[in-house]
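Chain residues, written in single-letter form:
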Amino acid sequence: VSRADLWACIESVRGRGHGQAARRVQSVLKRVFDYAITRGLASSNPEAGIRPSHIAPAGRRDRVLSPTELPIWVHAIQTSRLSKPLKLALRLLLLVPVRKGELLHARWDHLNLSAKTWHLPKENSKNKAAITHKLTPQTMGIFEELRVLASGSVWVLPSTRNYGRQPIAAATLNSALRGIKGLPSGVVVHDLRRTVRTYLTEL
């Protein structure tokens, strides 16, 4: 496998106008060859020398839902055909400043509903620092609904494909948004955390 072969993979994505996705392709290719070298399956990494900046400039989002967009977002989610757990998950991400992955890996033993707290262990946190969130009454209500829907699973958002033994997949929420009509334009899941943090800062 040559460096030209890797560029062909990257260009197939970048050519469709997805610069940031092309950067992620490069990152995955790097990890694949790093692993191959570790296992003795390759002696060199043809990805070495391909810099993310050569593919596309680093993207930085600053999208925040405006006060007028917030009820539009909630209405579109609530009236969509999404399953009840996904609707509740998207509501939670507008109430607690957590990352999508932190919510997807939440377990019921991380929550203390009596104390109204949600503890994120360091292994679930992107910055590897544990944090405990205090829960509002509205958030508590959502967790109570999710507990019933979880049907005894250890996961707050269990997958329906394997009888609750795993949480839902990382791409599930992103895929769910693509089929919802009436959402404010240009909003992705990670923008919800930025929205929460922005308004909490103002408060």
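As a reminder, the structure under discussion sits directly above these lines.
For the structure given in this document, a descriptive report is provided here. Model, not experiment: these values are computed from the prediction.

The rules we used
- Residues numbered from 1 in each chain as written.
- Predicted model: local features only at pLDDT ≥ 70, side-chain atom pairs only at ≥ 80, totals over all residues.
- Heavy atoms only, no water.
- Helix = DSSP H or I, 4+ residues; strand = E, 2+ residues; numbered from the N terminus.
- Buried < 20%, exposed > 50% of the residue type's maximum accessible area, 1.4 Å probe, protein only.
- Contact = heavy atoms within 4.5 Å.
- Areas by Shrake-Rupley, 256 points an atom, 1.4 Å probe, with all protein chains shown as cover.
- Lys, Arg positive; Asp, Glu negative; His and termini not counted.
- Charge placed at Lys NZ, Arg CZ, Asp CG, Glu CD.
- 1 Å grid on protein atoms, 1.4 Å probe; cavity = no way out; pocket = protein on both sides within 12 Å on 5 of 7 lines; lining within 4 Å.
- Points joined across faces, edges and corners; volume = space filled by probe spheres on them.
- Nonpolar A, V, L, I, M, F, W, Y, C, P; charged D, E, K, R; others polar.
- Pairing = 2+ DSSP bridges.
- Salt bridge = Lys/Arg side-chain N within 4 Å of Asp/Glu carboxyl O.

### Remarks on the overall build of the chain
Scanning the chain for helices and strands turns up 9 helices and 3 strands. Along the chain, helices (α) and strands (β) appear in the sequence α-α-α-α-α-α-β-β-β-α-α-α when read from the amino end. The proportion of buried residues among the 203 residues of the chain is 38%. Counting only contacts in the chain whose residues sit at least 6 apart along the sequence, the fraction spanning at least 24 positions is 61%. A total accessible area of about 12300 Å² is found for the chain, and carbon and sulfur atoms account for 54% of it. One way to put it: in the chain the 32 positive side-chain charges average out to a point 2 Å from where the 13 negative ones average out.

### Considerations on the layout of surface pockets
If a probe as big as a water molecule is rolled over the atoms, it shows which places are left empty. Size it by volume and the second largest pocket reaches roughly 390 Å³. Every residue lining the second largest pocket is counted, 20 residues in all, and those nearest its centre are Pro-158, Ser-159, Thr-160, Arg-161 and Ile-168. Within the residue set of the lining of the second largest pocket, elements represented by two or more residues are helix H5 (84-92) and helix H7 (137-150). Per element, the largest residue contribution to the lining of the second largest pocket is 3 residues, and it comes from H7. For the lining of the second largest pocket, the class distribution of residues is 12 nonpolar, 7 polar and 1 charged.

### Side note on H5
Turning to H5, its buried residues number three or more, namely Leu-86, Lys-87, Leu-88, Ala-89, Leu-90 and Leu-92. Packed against the buried residues of H5 are helix H4 (69-78), helix H6 (100-104), H7, helix H8 (172-178) and helix H9 (190-202).

### Here's the deal with the pairing of strand E2 (residues 117-120)
Bridge analysis of strand E1 (residues 111-112) against E2 gives 2 bridges, and the strand direction is antiparallel. Looking across to E2, one finds that Leu-111 is bridged to Trp-118. Here E1 hands over to E2 after 4 residues, with Lys-116 in that stretch at a positive phi of 60 degrees. The sheet contact formed by E2 and strand E3 (residues 131-134) spans 4 bridges and is antiparallel. Following the sheet pairing, Thr-117 is matched in E3 by Lys-134.

### With respect to the sheet that holds E1
Taken in spatial order, the 3 strands line up as E1-E2-E3 in an open sheet, and their pairing is antiparallel. At either margin of the open sheet sits one strand with a lone partner, and together these are E1 and E3.

### Here we look at the pattern of salt bridges
Tallied over the full model, the rule gives 7 salt bridges. Across the pair Arg-99 and Glu-102 runs a salt bridge, and its minimum N-O distance is 3.2 Å. Between Asp-191 and Arg-194 there is a salt bridge, and its shortest N-O distance comes to 2.6 Å. Here Asp-191 pairs with Arg-194, and both are found in helix H9, just 3 residues apart, close to one helical turn.

Remember that the coordinates give geometry; whether it matters functionally is a separate question.
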